[in-house]
Each structure stands twice: as structure tokens, then as C-alpha cells.
Amino acid sequence: MDTATEGTTLPADIAAEAERHDLLTLGIEEEYLLVDAAEPRAVEAVDDVFAELPEEIRGGVQHEYYRSQIEVASPPRLDLADLRAEMTRLRSGVAAAAERAGARLVAVGTGPAAGPNLRIVDKPRYHRMRDRFGDLSPGQGMCGTHVHVSIPDPETGVKVLNHLRPWLPVLQAAAANSPLFAGRDTGYASWRSMMWERWPTVGPTPYLRSHEHYLTLISDLEASGAMLDEGMLYWYARLSANYPTVEIRLGDVTPTLDDAMLLTALARGLVATLLREVRDGIEAPDVEHPLLMAAHWRAAHDGLEGLNIDMATREPRPAWRLMRQLFDYVRPELERHGDLETATVLMGRLRAGGTGAARQRAMLARGASVADVVDELAALTKATEPDR
């Protein structure tokens, strides 16, 4: 719910290369659950983990809403391999610190195992949120992934937000990684998404007339009491309040860096593709809000293993076909940014192995327990090698 701040100023050499070749930079934020070293339940271990963090990664790590959560944020990068190296450093460093603190780092959307409701972090803003909004997110914590892609200016960014709206449900489906909650299968691929939608400002980005319209909506929402500040604007895509980026709030945190890097590459490819449409004067389709809500619900329910809505035809189609359609749509920008080969390999791995939700359910179908699933998720979270 906050943003970590390591290396948020773009190095001069990267900025110069991005401008010279008209390329977009990207960064990623991931939230994780902290679980007991031996049992699958979440634990209030964040302060102990912070005490064990090596100095060289502290700038990229921060608290989240619950004491059972921790968040990392990469510095902005141009090359996907460099971004992976940064995330390897952060994931492995925080995982090792968690183990020294008697806990485990787990990349999962919400707590798979039963356990008591845990306390929020002792920060004034979080206490104000709890006082205003009550118990909207009971449990052990909700963990997501946010991708930042650079934009030239806010006015252009608002136009990109309009163009993004029809594409975001399939990215949410691809990130689905929370079928289990409190020890049972919820029937949803992303139960985190359903819990998250309790907050009053969560949902599809509205169709925006201008940057002034965007700022007016923020002001009106603050005045209404539906959010304390701009940081609580939880639309599925928004302009960053701190950086010259579009922030795409993809959905659940993914279990592996393979998954995270694929979705990050696709997010950049999509923004770059849509920027070209904006520059060409192509108007964004004004997809009806109820249809977008239905598509996001379908993403949470089915993940990639079921159906979603084709926004062009308004008909249900296999979600994997829509994912393939997205990949083909952004292919030229994947190639231009040097991501095509990596993204093609990672897309094949995701197709073969399924989403995080599908993998968890496959384990249960083979007779594994919820504890076994958490063990596997913890192992995947700290396994940072490109091949799995």
C-alpha cells in the first residue's frame, strides 16, 4: 500500500539510452507473506526480518499493511535481464533474512493456511486507514505485483490508461496465485482479488477525459472520504504519484521470477504499443464499466485456465487464447525492447506449467496438503535461477 524507494532516480546513462532509442524503462514492486519456519500459518515477523536485512538491500525493502507482510521495489531499469538481476538480489536477500529471523518468505496472493487475524504495522497512516475503513481486509495480508512503465508526460499517461483498460483482465488472470484461503480452496484462482475489491477505490480505471479530469477525480474521492490520499487510488492502472510512470497493478504476486518477468515484459510491450496508438491519434475504446467488472471477476475466478471476455466481440473466449492475442499484439515492441526471445521462452513455460493457482491445485489433486503447498511456494520464491 506504500511504495519502496530504492534507486528511484533513473541513472543518467540509462535515461540517455532510453531517450536515444525511444525505449521505455520499467520497474516492479512485489509484496510477500511471511510464514512460520515449520508451519504454514503467517507470522508477525516483519520487524525481526528487517533486523536481519543486509545494508545493501534495505533501500529497496519496506513494511506493508500487516506485520506478516514485506514489500520490495526494484530500481528502474531498461534491460529486462538487469531488472531480473535486481529482483534476484532483493528476493534472495529478503528470503535469507526471513530464514535468519525464523520465518519464510512466500510469494502468494493471500494466506493459504488457517490462522488468526494479524495486526497491522504500527504506522500512523495505517492506523488512520483502519479507523476509517474498519476490517476490510481480515486475515494475514494480501500480496500483489505492481509494474511501473515510463511515460513522457501525465497527459499522455492518461491517454495510455484509457487504452489499457480492455487488456488488464488477461494480465490479472495470468498473475492468479491465491486459490487457497484459511486452509480451503475458495473456488477462485485469485481469492486475493475478491478480498481486495472490498476497498472503495479498487476497480477498473474509469475512462478519463484529460489529466485535469484525473486530478479532479482524485480530489473528489478524497473529499468523499473513500480514500485518505492519492496513495489509496487503487485502480487497476494509475499514474504514479511519485514517478513519471504508469503503474499497472497486475494482481497477485507470482511465485517465480519467471512469471514476474514475463508479465513485466508484457506490461512494457503493451504500454509501448499503446503509446504508438496515442501518437497516431487513435482513440481508446470506451469499454463499458460493467463489462470490465465482469472481465476482472472472470479473471479472478478462472485465471488463465478458464474463460474471459473478448472486449472486441463481448463474448467469452478461452483466457489462454486472449493471452496469446495480447502477446501477438505487443510482439513488435517486445522485439524492439530486446524482450522477445525471453518472453517467448517464459510464455511457453507458463503455458506448460500453468498459473500459480493452477500449480497449487495440481499439487492438491496429487494428494498434497496445504502445508506442502506452502513449502513449495517458499522454495519457488527464493529459487531465482532462470530455469525451473
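Residues numbered from 1 in each chain as written. Predicted model: local features only at pLDDT ≥ 70, side-chain atom pairs only at ≥ 80, totals over all residues. Heavy atoms only, no water.

Draft legend 1. Structural view of unusual backbone geometry. A positive phi angle, near 55°, is found at D22, a position not held by glycine. Note on placement: D22 falls in the loop between α1 (12-21) and β1 (26-36). (Helix = DSSP H or I, 4+ residues; strand = E, 2+ residues; numbered from the N terminus.)

Draft legend 2. Fine view of the packing of helix α5 (residues 154-164) against helix α9 (residues 257-279). Remark: α5 packs on α9, axes separated minimally by 9 Å, with the N-to-C direction vectors making an angle of 110°. With respect to each other, α5 and α9 are oriented roughly perpendicular. Between α5 and α9 lies a crossing whose hand is right-handed. Only L270, V271, L274, L275, E277 and V278 of α9 make contact with α5, whose side of the interface consists of T156, K159, V160, H163 and L164. Of the residues belonging to the contact of α5 with α9, the class tally is seven nonpolar, two polar and two charged. (Axes fitted to C-alpha atoms, helices over the stretch in contact; angles between N-to-C directions. Parallel < 35°, antiparallel > 145°, perpendicular 65-115°, else oblique. Left-handed = near helix turned anticlockwise from the far one by under 90°. Contact = heavy atoms within 4.5 Å. Nonpolar A, V, L, I, M, F, W, Y, C, P; charged D, E, K, R; others polar.)

Draft legend 3. Region of the structure containing the pattern of salt bridges. What the rule picks out here adds up to 27 salt bridges. Among the salt bridges present, the one from R119 reaches E44, with a minimum N-O distance of 2.6 Å. Residue R119 is located in the loop between β4 (103-106) and α4 (124-133), and its partner E44 is located in the loop between β1 and α2 (46-52); the two are separated by 75 residues in the primary sequence. On the accessibility criterion, E44 (31% relative accessible area) is partly exposed. A salt bridge links K382 to E99, with the shortest nitrogen-to-oxygen separation between them at 2.6 Å. Here K382 is found in helix α14 (residues 370-382), whereas its partner E99 is found in helix α3 (residues 80-100), with 283 residues between them in sequence. Judged by its relative accessible area of 42%, E99 falls in the partly exposed class. Linked through salt bridges whose partners overlap, the residues forming this network are D36, E39 and R41. (Salt bridge = Lys/Arg side-chain N within 4 Å of Asp/Glu carboxyl O. Buried < 20%, exposed > 50% of the residue type's maximum accessible area, 1.4 Å probe, protein only.)

Draft legend 4. Representation of the packing of α3 against α9 in the model. Two elements in contact, α3 and α9, have axes whose closest approach is 11 Å; the angle formed by their N-to-C orientations is 140°. Relative to α9, the element α3 is oriented oblique. For the crossing formed where α3 meets α9, the hand is right-handed. On the side of α3, the interface is formed by L80, L83, R84, M87, T88 and R91, while α9 contributes L257, D258, M261, T264, A265 and R268. Here the residues of the contact of α3 with α9 are counted per class, giving six nonpolar, two polar and four charged.

Draft legend 5. Just the environment of D13, in detail. Along the chain, D13 falls in helix α1. The sequence separation of D13 and I70 amounts to 57 residues, and the corresponding C-alpha distance is 31 Å.

Draft legend 6. Here's a closer look at the nonpolar core. Grouped together as the largest cluster of nonpolar side chains are 118 residues, with contacts concentrated most on I70, L164, W199 and M323. Broken down by element, this core gets its largest block of residues, 14 residues, from α9. Excluding residues that lie within four positions of it along the chain, L164 makes contacts with A237, V246, I248, L270, V271 and L274. Ranked by size, the runner-up nonpolar core spans six residues in total, among them V287, L292, A295 and I309. (Core = buried A, V, L, I, M, F, W, Y, C linked by side-chain atoms within 4.5 Å.)

Draft legend 7. Molecular detail of α9. With 23 residues, α9 should reach 33 Å at 1.5 Å per residue; the first-to-last C-alpha distance of 33 Å fits that figure. Burial analysis of α9 places 21 of its 23 residues in the buried class, the great majority of the element. Following α9 by one or two positions, G281 adopts a phi angle in the positive range, close to 80°. (Expected span 1.5 Å × (residues − 1).)

Draft legend 8. Fine view of the pairing of strand β9 (residues 245-252). Burial within β9 is extensive, with eight of its eight residues counted as buried. Judged from the seven bridges that link them, strand β5 (residues 144-150) and β9 form a sheet pairing that is antiparallel. Looking at β9, one finds that V147 is bridged to I248. Pairing analysis gives three bridges linking strand β8 (residues 237-239) to β9, with the strands arranged antiparallel. Bridge assignment links A237 to a residue of β9, and that residue is I248. (Pairing = 2+ DSSP bridges.)

Draft legend 9. Examining empty space enclosed by the protein more closely. This model, assessed by the stated rule, comprises six cavities of 30 Å³ or more. Taken as a whole, the largest cavity holds about 130 Å³ of empty space. R192, Y236, R249, L250 and G251 are, among the 15 residues lining the largest cavity, the residues nearest its centre. Secondary structure elements with two or more residues in the lining of the largest cavity: α6 (168-174), α7 (191-196) and β9. Residue composition of the lining of the largest cavity, by class: eight nonpolar, five polar and two charged. (1 Å grid on protein atoms, 1.4 Å probe; cavity = no way out; pocket = protein on both sides within 12 Å on 5 of 7 lines; lining within 4 Å. Points joined across faces, edges and corners; volume = space filled by probe spheres on them.)

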